[in-house]
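Chains, contacts and geometry: an overview
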Amino acid sequence: MEQLTVSTSQTTELIDITATIQSFVTNNNLVDGVLYIFCPHTTAGLTVNENWDPDVRHDMLLTIDGDIVPPDKRHRHAEGNSPAHIKASLIGSSLPLLVEGGKVLLGRWQGIYFAEFDGPRRRHIWLKFLKGA
Amino acid sequence: MEQLTVSTSQTTELIDITATIQSFVTNNNLVDGVLYIFCPHTTAGLTVNENWDPDVRHDMLLTIDGDIVPPDKRHRHAEGNSPAHIKASLIGSSLPLLVEGGKVLLGRWQGIYFAEFDGPRRRHIWLKFLKGA
Amino acid sequence: MEQLTVSTSQTTELIDITATIQSFVTNNNLVDGVLYIFCPHTTAGLTVNENWDPDVRHDMLLTIDGDIVPPDKRHRHAEGNSPAHIKASLIGSSLPLLVEGGKVLLGRWQGIYFAEFDGPRRRHIWLKFLKGA
């Protein structure tokens, strides 16, 4: 298992890690298989979405933070970050990515995102590769 | 990596692709391992859910489209399809499926769905297989 | 494929299966690779989240059951459990876990949860392991 570090600067933030992940694949000569990326935190996640128009990220967080999982005074967890935990489970923490020809396979408009829901923090991403046939 | 094509006919739609995926496994003599299916689009996803009563699909879309991620005039993304992007990240785009004895392993009531959130469109599904021991 | 059984006791419940999964890895001498856990039910899922403060689970279910996917009289599915189906697709049913040195790799505060959304029931978890290099 290898570990990458991501520093987040906002409370909630979608950080494009596509180039970082591709560099990892390139630098480790990973050619064909499946790359698992895993978020070892309980208030952040990993997802794939558009990386062309930054307004998409804005709109995603506007709706997720404000409408789908807003702050809630009924929450008991003393740290006060229960919404971040809920968002982490909705977005997911384990993401398998296809690799062929030394490239992470993504659609034309897709990028890979680290989804911070309780920043700013120094975060990690764990990676493991299984070779194809 | 292999690619399948799915044509969707509604704005939002859950299309049962179970038979298509099983045919892919059968036709390629895939016997034992993990089949990764990946959605290369940013306004659609892949999920597993009931494929017996079509009312389940109706109710899922009623709630997801109308209540969890409804249209929102505050969204900035000029294409106007930010809700579809949000739904894609909630549902997920990368789905590992277990394969044994040449069969995709699914529970009694489960089917595999392509979740269209911004159709109708011609869509793709990417597939890659890793062999078991 | 191996199968584990989980008995749930509430309508909705997050059951910590971390020790069960680690025991499976230990007892089967799984050392290095990826362990896929799969939920073969359409009204339950699998997720990773905090396993330290039980209030986190309380708050997660309070918000998911009461606010994100509450009961809805417009739902048509005669069994009346459409919210449970929706929650299953939001949380996800297929979870790859990294294994190294005979240990399931989890962050400091993470545990693995079986998410029951239509209990109490006797439930199953399917497991399959692919070896690393």
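Higher on the page you've got the structure.
Everything in this summary refers to the structure shown in the same document.

Analysis parameters
- Residues numbered from 1 in each chain as written.
- Chains lettered and ligands numbered in written order.
- Predicted model: local features only at pLDDT ≥ 70, side-chain atom pairs only at ≥ 80, totals over all residues.
- Heavy atoms only, no water.
- Least-squares fit on C-alpha atoms with pLDDT ≥ 70 in both.
- Contact = heavy atoms within 4.5 Å.
- Helix = DSSP H or I, 4+ residues; strand = E, 2+ residues; numbered from the N terminus.
- Expected span 1.5 Å × (residues − 1).
- Buried < 20%, exposed > 50% of the residue type's maximum accessible area, 1.4 Å probe, protein only.
- Polar contact = N/O pair within 3.5 Å; in protein donor to acceptor, adjacent residues only side chain to side chain.
- Buried area = accessible area lost by both parts, 1.4 Å probe.
- Salt bridge = Lys/Arg side-chain N within 4 Å of Asp/Glu carboxyl O.
- Pairing = 2+ DSSP bridges.
- Axes fitted to C-alpha atoms, helices over the stretch in contact; angles between N-to-C directions.
- Parallel < 35°, antiparallel > 145°, perpendicular 65-115°, else oblique.
- Left-handed = near helix turned anticlockwise from the far one by under 90°.
- Nonpolar A, V, L, I, M, F, W, Y, C, P; charged D, E, K, R; others polar.

**Here we look at the relation of the copies chain C and chain B**
Rotating chain C by 120° and translating it 0.0 Å along the rotation axis places it on chain B, where the RMSD comes to 0.0 Å. Here the symmetry operator amounts to a three-fold rotation axis. Relative to the rotation axis, the closest C-alpha in chain C is found at L90(C), a distance of 3.3 Å. Interface residue correspondence from chain C to chain B reaches only 19%, placing this contact among heterologous pairings that use different surfaces.

**So, helix α2 (residues 54-68) of chain B**
The end-to-end C-alpha distance of α2(B) is 20 Å, a good match for the 21 Å that 15 residues give at a rise of 1.5 Å each. Residues V56(B), D59(B), M60(B), L61(B), T63(B), I64(B), D65(B) and I68(B) constitute the buried set of α2(B). Among the structural elements, α2 (54-68) of chain A, β2 (13-16), β4 (44-50) and α3 (82-91) of chain B together with α2 (54-68) and α3 (82-91) of chain C are those in contact with the buried residues of α2(B). Its side-chain oxygen 2.8 Å from the backbone nitrogen of D55(B), D53(B) forms the N-cap of α2(B).

**Description of the interface of chain A and chain C**
Listed by partner, the interface residues are 27 residues for chain A and 35 residues for chain C. Taken over both partners, the interface formed by chain A and chain C buries close to 2,600 Å², and the fraction arising from carbon and sulfur atoms is 60%. Linking chain A with chain C are 3 salt bridges. Across the salt bridge formed by D32(C) and K128(A), the nearest N and O atoms sit 2.9 Å from each other.

**Comments concerning the interface of chain C and chain B**
Chain C puts 27 residues into the contact, and the matching count from chain B is 35 residues. Here chain C meets chain B over a buried area of about 2,600 Å², counting both sides, of which 60% is carbon and sulfur. It is R76(C), S89(C) and K128(C) that lose the most area in chain C upon contact with chain B, and together they represent 21% of the buried surface on that side. The tally of links between chain C and chain B comes to 3 salt bridges. Viewed at the interface, chain B and chain C are joined by 18 residue pairs in polar contact (both at pLDDT 80 or more). Sorting the residues of the side of chain C that touches chain B by element identifies β3 (33-38), α3, β5 (94-100) and β8 (122-131) of chain C as the ones contributing at least two each.

**Structural notes on the sheet that holds strand β2 (residues 13-16) of chain A**
Residues and elements named next belong to chain A. Read from one edge to the other, the open sheet built from 3 strands follows the order β2-β7-β4, with strand pairing classed as antiparallel. Both outer strands of the open sheet, β2 and β4 (44-50), are each paired with one neighbouring strand and no more. Neighbour to neighbour, the strand axes of the sheet diverge by 35° on average, direction disregarded. Summarising the sheet, β2 and strand β7 (residues 110-116) pair through 4 bridges and their orientation is antiparallel. Across the sheet, E13 pairs through a bridge with E116, a residue of β7.

**Observations regarding the packing of α2(B) against α3(C)**
Closest axis-to-axis distance for the α2(B)/α3(C) pair is 9 Å, and the angle between their directions is 70°. Relative to α3(C), the element α2(B) lies roughly perpendicular. For α2(B) against α3(C), the interelement crossing comes out right-handed. Touching V56(B), D59(B), M60(B), T63(B), I64(B) and I68(B) of α2(B) are S82(C), H85(C), I86(C), S89(C) and L90(C), all from α3(C). Looking at side-chain class alone, the contact of α2(B) with α3(C) contains 6 nonpolar, 4 polar and 1 charged residues.

**What about the sheet that holds strand β3 (residues 33-38) of chain B?**
Residue and element names in this part refer to chain B. Pairing is antiparallel across the open sheet formed by 5 strands, whose spatial order is β1-β8-β3-β5-β6. Either end of the sheet is taken by a strand with one partner, and the two such strands are β1 (2-7) and β6 (103-104). As judged from the 6 bridges shared by β3 and strand β8 (residues 122-131), these two strands associate in the antiparallel manner. Opposite I37, over in β8, you have L127 as the bridge partner.

**Structural notes on unusual backbone geometry**
The peptide bond linking G119(A) to P120(A) adopts the cis configuration, its omega dihedral lying at 0°. Among the secondary structure elements, P120(A) is positioned in the loop between β7 and β8 (122-131). One non-glycine residue, N29(B), lies in the positive phi region at around 55°. Looking at the element boundaries, N29(B) is found in the loop between α1 (18-27) and β3. Its relative accessible area of 63% is what places N29(B) among the exposed residues.

**Description of the environment of T47(C)**
Its place among the elements puts T47(C) in strand β4 (residues 44-50). You can call T47(C) buried: its relative accessible area is 6%. Taking C-alpha positions, T47(C) is 8.9 Å from S94(C), a pair spaced 47 residues apart along the chain. Not counting chain neighbours up to four residues away, the residues in contact with T47(C) comprise S89(A), I91(C), L95(C), G111(C), I112(C) and Y113(C).

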